[in-house]
Amino acid sequence: ALTVTNNLTGCTTSNSATSVLQNSSYTAVITASSGYTLVGATVSITMGGQDITTSAYSGGIITINNVTGALVISVAAVAVVLNSISAVYTQSGTVYDTDTLDSLKADLVVTAHYSDSSTSTVAGSAYTLSGTLTVGTSTVTVSYGGKTTTFTVTVTDAIYVRDGLVMWLDGEYNGTNGAHNSTVSTWVDQSGN
């Protein structure tokens, strides 16, 4: 029998045999461990001291039809890393300039993109938002795992009408023609009275 030596890092093999009969076939499926990927892995397969990697290995599968020498299989998977994040914001209601940034998370889907081409949705508690909600269009920055992206949101002035009176969300009232002067926190009567 010929020896089979597996030198595996960050991955496992479906064939744990330590020997193989001469002139027989040898197959194995290499699977990346959690947090690792075979994309960009370093792979080396020798048979009787000769490099047969190109003919024996493809996409995580080792196939050798006729074993004529001792096998040494070396596979070093690489750690999966976060390449980028993306954010899709679907505004479902009115956003006021007095709202908190975290209130936007209900309509926001943040996706993490990894080096092995996999993706995952990031929980709202795991990422942070920064920026300022100002009337008009505001740009908000999403940060996660050292990566950032932005999205825009339409922001409305925090004023509304109730029973014919203009009312700011801070609860202060004035007549129909009144306006809130946020600089000095007083009402400005726009009716000329």
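Treat the numbers as computed from the prediction; the structure is a model and nothing was measured.

Peer 1: Got a sec to walk through the overall build of the protein chain? Specific residues and values, please.
Peer 2: Secondary structure assignment for the protein chain yields one helix and 21 strands. A buried classification covers 30% of the 193 residues belonging to the protein chain. Surface accessibility of the protein chain: about 10700 Å² in total, with carbon and sulfur atoms responsible for 49%.

Peer 1: Explain the sheet that holds strand 4 (residues 26–32) residue by residue, including any values.
Peer 2: The strand order across the open sheet built from four strands is 2-4-8-7, with neighbouring strands paired in antiparallel fashion. Unpaired on one side and paired on the other, strand 2 (11–13) and strand 7 (57–58) mark the two borders of the sheet. Bridge count between strand 2 and strand 4: three bridges; the pairing is antiparallel. Across the sheet, residue cysteine 11 finds its bridge partner in strand 4, namely alanine 32.

Peer 1: Before we move on, can you summarise the pattern of salt bridges with the specific residues and values?
Peer 2: One pass over the structure, following the stated rule, counts one salt bridge. One salt bridge in this structure joins aspartate 102 and lysine 105, with 3.6 Å as the shortest N-O distance. Taking the relative accessible area as the measure of exposure, aspartate 102 reaches 48% and is therefore partly exposed.

Peer 1: Explain the pairing of strand 15 (residues 136–144) to me, and be specific about the residues and the numbers.
Peer 2: Here strand 14 (residues 128–130) pairs with strand 15 via three bridges, running antiparallel. Considered in strand 15, the bridge of leucine 129 is made with valine 142. Here strand 15 runs beside strand 16 (residues 147–156); their pairing, made up of nine bridges, is antiparallel. Note that in strand 16 the partner of glycine 136 across the bridge is valine 155. Counting the residues that bridge the hairpin from strand 15 to strand 16 gives two residues, and of these glycine 145 lies at a positive phi of roughly 55°.

Peer 1: I'd like to hear about the packing of aromatic side chains, residue by residue, with values.
Peer 2: Each aromatic ring pair is characterised by the separation of its centres together with the angle its planes make. Summed over the entire model, instances satisfying the criterion amount to one aromatic pair. Over the ring of tyrosine 127 we find lysine 105, and its NZ or CZ is 4.8 Å from the ring centre.

Peer 1: Explain the environment of valine 88 residue by residue, including any values.
Peer 2: Checked against the element boundaries, valine 88 lands in strand 10 (residues 82–89). Judged by relative accessible area, which is 53%, valine 88 ranks as exposed. The sequence separation of valine 88 and aspartate 107 amounts to 19 residues, and the corresponding C-alpha distance is 8.4 Å. Among all residues touching valine 88, those that are not within four sequence positions of it are Asp107, Leu108 and Val109.

Peer 1: Quick one: what's the story with the sheet that holds strand 15, residue by residue and with numbers?
Peer 2: Read from one edge to the other, the open sheet built from four strands follows the order 11-16-15-14, with strand pairing classed as mixed. Two strands bound the open sheet, and with one partner strand each, they are strand 11 (95–96) and strand 14. Alignment of strand 11 against strand 16, held across two bridges, turns out to be parallel. The residue of strand 16 that forms the bridge with tyrosine 96 is threonine 156.

Peer 1: Just give me the short version of unusual backbone geometry, but keep the residues and values in it.
Peer 2: With the exception of glycine, most residues fall at negative phi, and the peptide bonds are largely trans. Look at asparagine 23: it is not a glycine, yet its phi comes out positive at around 70°. Topologically, asparagine 23 is positioned in the loop between strand 3 (19–20) and strand 4. Although it is not a glycine, serine 117 sits at a positive phi angle of roughly 75°. A residue is classified by how much of its surface remains accessible, and serine 117, at 65% relative accessible area, is exposed.

Peer 1: Kindly report on the environment of glutamine 22, identifying the contributing residues and their values.
Peer 2: One can find glutamine 22 in the loop between strand 3 and strand 4. Taking C-alpha positions, glutamine 22 is 7.6 Å from asparagine 66, a pair spaced 44 residues apart along the chain.

Peer 1: Describe the pairing of strand 8 (residues 61–64), listing the residues and the values that go with them.
Peer 2: Residues Ile62 and Ile64 point to one face of strand 8 and are all buried, whereas Ile61 and Thr63, pointing to the other face, are not buried. Two elements, strand 4 and strand 8, share four bridges in a ladder whose sense is antiparallel. Along strand 8, the bridge assignment pairs valine 29 with isoleucine 61. In terms of strand pairing, strand 7 meets strand 8 through two bridges, oriented antiparallel. Paired with tyrosine 57 across the bridge in strand 8 is isoleucine 62. Hairpin remark: strand 7 followed by strand 8, antiparallel, with two residues in the connecting loop; positive phi at glycine 59, about 55°.

Rules and cut-offs
Residues numbered from 1 in each chain as written. Predicted model: local features only at pLDDT ≥ 70, side-chain atom pairs only at ≥ 80, totals over all residues. Heavy atoms only, no water. Helix = DSSP H or I, 4+ residues; strand = E, 2+ residues; numbered from the N terminus. Buried < 20%, exposed > 50% of the residue type's maximum accessible area, 1.4 Å probe, protein only. Areas by Shrake-Rupley, 256 points an atom, 1.4 Å probe, with all protein chains shown as cover. Pairing = 2+ DSSP bridges. Salt bridge = Lys/Arg side-chain N within 4 Å of Asp/Glu carboxyl O. Phe/Tyr/Trp six-rings, centres within 6.5 Å; stacked < 30°, edge-to-face > 60°. Lys NZ or Arg CZ within 6 Å of the ring centre and 35° of its normal. Contact = heavy atoms within 4.5 Å.

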